[in-house]
Amino acid sequence: MYTLIDGKAIADQVKAEIAEEVKHMLAEGKKRPHLAVIIVGHDGGSETYVAHKVKSCEQVGFTSTRLAFEDTITEAELLAEIDKLNADPDVDGFIVQLPLPRHISEQKVIEAIDYRKDVDGFHPINVGRMAIGLPCYVSATPSGIMELLKRYHIETSGKRCVVIGRSNIVGKPVASLMMQKAYPGDATVTVCHSRTKDLKDICLQADIIIAALGKPEFLTADMVKEGATVIDVGTTRVPDASKKSGFRLCGDVKFAEVAPKCAYITPVPGGVGPMTIVSLLKNTLLAAKGEIY
Ligand code: NAP
């Protein structure tokens, strides 16, 4: 019988811990942690994510500022807004919700953020520091995955870990964390991508599979060995007439047939997703406490 990794429950637990810490900070006369979020345009997904982030800030007692701009904003104007936040002493950390309109370079925007306020952990300085094991802001999704492994006491040392996907926001950083000399980590990591040959054979050797490719139900039971741990990062919207929204979120794992083979598995939704926002809150708390920089 497998153990379902309950990301929602862990996220609630971590939020309660953060809220408690904020209370202590205020009691000591410190200021409330403050997260600012920049959103450009009216992408439905982005608006939902930002609303969740703002709501989560309220839940843990942070101040949050939502700065919304029309998608007609120029790159120079957006960079000027970033500079204002860089210079604002009350803002501990901020993020720019991606994706951005095509006329704005995401890379320029990421690099314009002061790395000491980069609570999304996308700035090359934070990415580099993570790669060499220095204190930094780790990006939210990989950090959330590590927290789940930790809270469920899942053994990673010496385990074979296969990461499917090599994006800068999930695959690469999670692979880097799984191989770091620490817990969770110390795993022997293989990273697969769209050019990988014999992906099924590679997956069959894995003790831990982290599926982050964005292909609904890609990982099937014949690719998973008995007793494996499977972390499903995928969240693809697939049409579903029975839902009010007209879609449902589908993971990269064919859950019904894979779960019975697993020791541990995350569901979608309710697995990695809820942990992502919590990781952002944790980074903001670290920023407010000045614990990293
Ligand atoms: P991405 O940038 O599209 O990267 C996908 C990766 O998967 C690429 O490296 C790609 O290989 C690889 N890939 C695609 N098809 C493949 C195949 N058939 N076999 C092997 N590898 C394949 O995606 P992402 O931003 O990392 O996101 C991945 C998934 O996670 C998406 O569903 C996304 O919505 C979800 N996500 C969820 C959260 C959360 O909070 N739960 C957060 C972030 C992302 P190439 O590099 O060769 O193209």
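First, a word on what this report is: a plain description of the structure on this page. (Residues numbered from 1 in each chain as written. Predicted model: local features only at pLDDT ≥ 70, side-chain atom pairs only at ≥ 80, totals over all residues. Heavy atoms only, no water.)

### Observations regarding the nonpolar core
Step number 1: Core analysis: the largest hydrophobic core is formed by 49 residues, its most contacted members being I18, F62, I145, M178, I210, I231 and V233.
Step number 2: Put simply, the parts of the chain that give this core at least two residues each are α1 (7–27), β2 (34–40), α2 (44–60), α6 (140–151), β5 (160–164), α7 (171–179), β7 (208–211) and α10 (272–289).
Step number 3: Ignoring anything within four residues of it in the chain, the contact list for I18 reads V60, F62, V278, L281, K282 and L285.
Step number 4: Listed in part, the 18 residues of the second largest apolar core include I164, A206, L219 and C262. (Core = buried A, V, L, I, M, F, W, Y, C linked by side-chain atoms within 4.5 Å. Buried < 20%, exposed > 50% of the residue type's maximum accessible area, 1.4 Å probe, protein only. Helix = DSSP H or I, 4+ residues; strand = E, 2+ residues; numbered from the N terminus. Contact = heavy atoms within 4.5 Å.)

### Things to note about the site of the ligand
Step number 1: Near the ligand lie 21 residues; those nearest to it are R166, S167, S194, T235 and T276.
Step number 2: Within the side chain of S167, one N or O atom sits 2.5 Å away from an oxygen atom of the ligand.
Step number 3: Within the complex, the protein chains bury 70% of what would otherwise be the 930 Å² of accessible surface of the ligand.
Step number 4: Considering only residue class, the shell around the ligand consists of 8 nonpolar, 11 polar and 2 charged. (Near = heavy atom within 4 Å. Polar contact = N/O pair within 3.5 Å; in protein donor to acceptor, adjacent residues only side chain to side chain. Areas by Shrake-Rupley, 256 points an atom, 1.4 Å probe, with all protein chains shown as cover. Nonpolar A, V, L, I, M, F, W, Y, C, P; charged D, E, K, R; others polar.)

### Let's talk about the sheet that holds strand β4 (residues 93–96)
Sheets are built from strands that pair by backbone hydrogen bonding, the pairs being arranged parallel or antiparallel.
Step number 1: A sheet is described by the order of its strands in space; here 3 strands give the open sequence β3-β2-β4, paired in parallel fashion. Strands at the two margins of the open sheet, each flanked by one partner only, are β3 (63–69) and β4. Taken pair by pair, the neighbouring strands of this sheet meet at an average axis angle of 15 degrees, ignoring direction.
Step number 2: Pairing between β2 and β4: 4 bridges, direction parallel. Pairing of L35 across the sheet is with G93, part of β4. (Pairing = 2+ DSSP bridges. Axes fitted to C-alpha atoms, helices over the stretch in contact; angles between N-to-C directions.)

### Examining α7
Step number 1: The buried count for α7 comes to 7 of 9 residues, which makes it a mostly enclosed element.
Step number 2: When α7 is considered as a whole, its buried residues turn out to be G171, P173, V174, A175, S176, L177 and M178.
Step number 3: Those residues of α7 hidden inside the fold are in contact with α5 (124–131), α6, β5, β6 (188–192) and β7.

### Focus on the environment of K108
Step number 1: Structurally, K108 can be placed in helix α4 (residues 106–112).
Step number 2: Sequence-wise, K108 and K31 are 77 residues apart; in three dimensions their C-alpha atoms are separated by 31 Å.
Step number 3: Non-local contacts of K108, meaning those with residues more than four positions away in its chain, are made with E75 and L79.

### Examining the packing of aromatic side chains
Step number 1: As enumerated under the stated definition, the model contains 4 aromatic pairs in all.
Step number 2: Measuring from ring centre to ring centre gives 5.7 Å for Y137 and Y293, while their planes differ by 70 degrees; the resulting arrangement is edge-to-face. Note that Y137 is positioned in the loop between α5 and α6 and Y293 in the segment after α10, a separation of 156 residues in sequence.
Step number 3: Among the residues examined, Y137 registers a relative accessible area of 2% and is labelled buried.
Step number 4: Ring geometry for Y152 versus Y264: centroids 6.4 Å apart, planes at 75 degrees, classification edge-to-face. Of the two residues, Y152 is situated in the loop between α6 and β5 and Y264 in strand β11 (residues 262–265); the sequence distance between them amounts to 112 residues.
Step number 5: Put simply, the rings of Y115, Y137 and Y293 pair up and form one aromatic cluster.
Step number 6: Its end group placed over the ring of Y115, R116 keeps NZ or CZ at 5.6 Å from the ring centre. (Phe/Tyr/Trp six-rings, centres within 6.5 Å; stacked < 30°, edge-to-face > 60°. Lys NZ or Arg CZ within 6 Å of the ring centre and 35° of its normal.)

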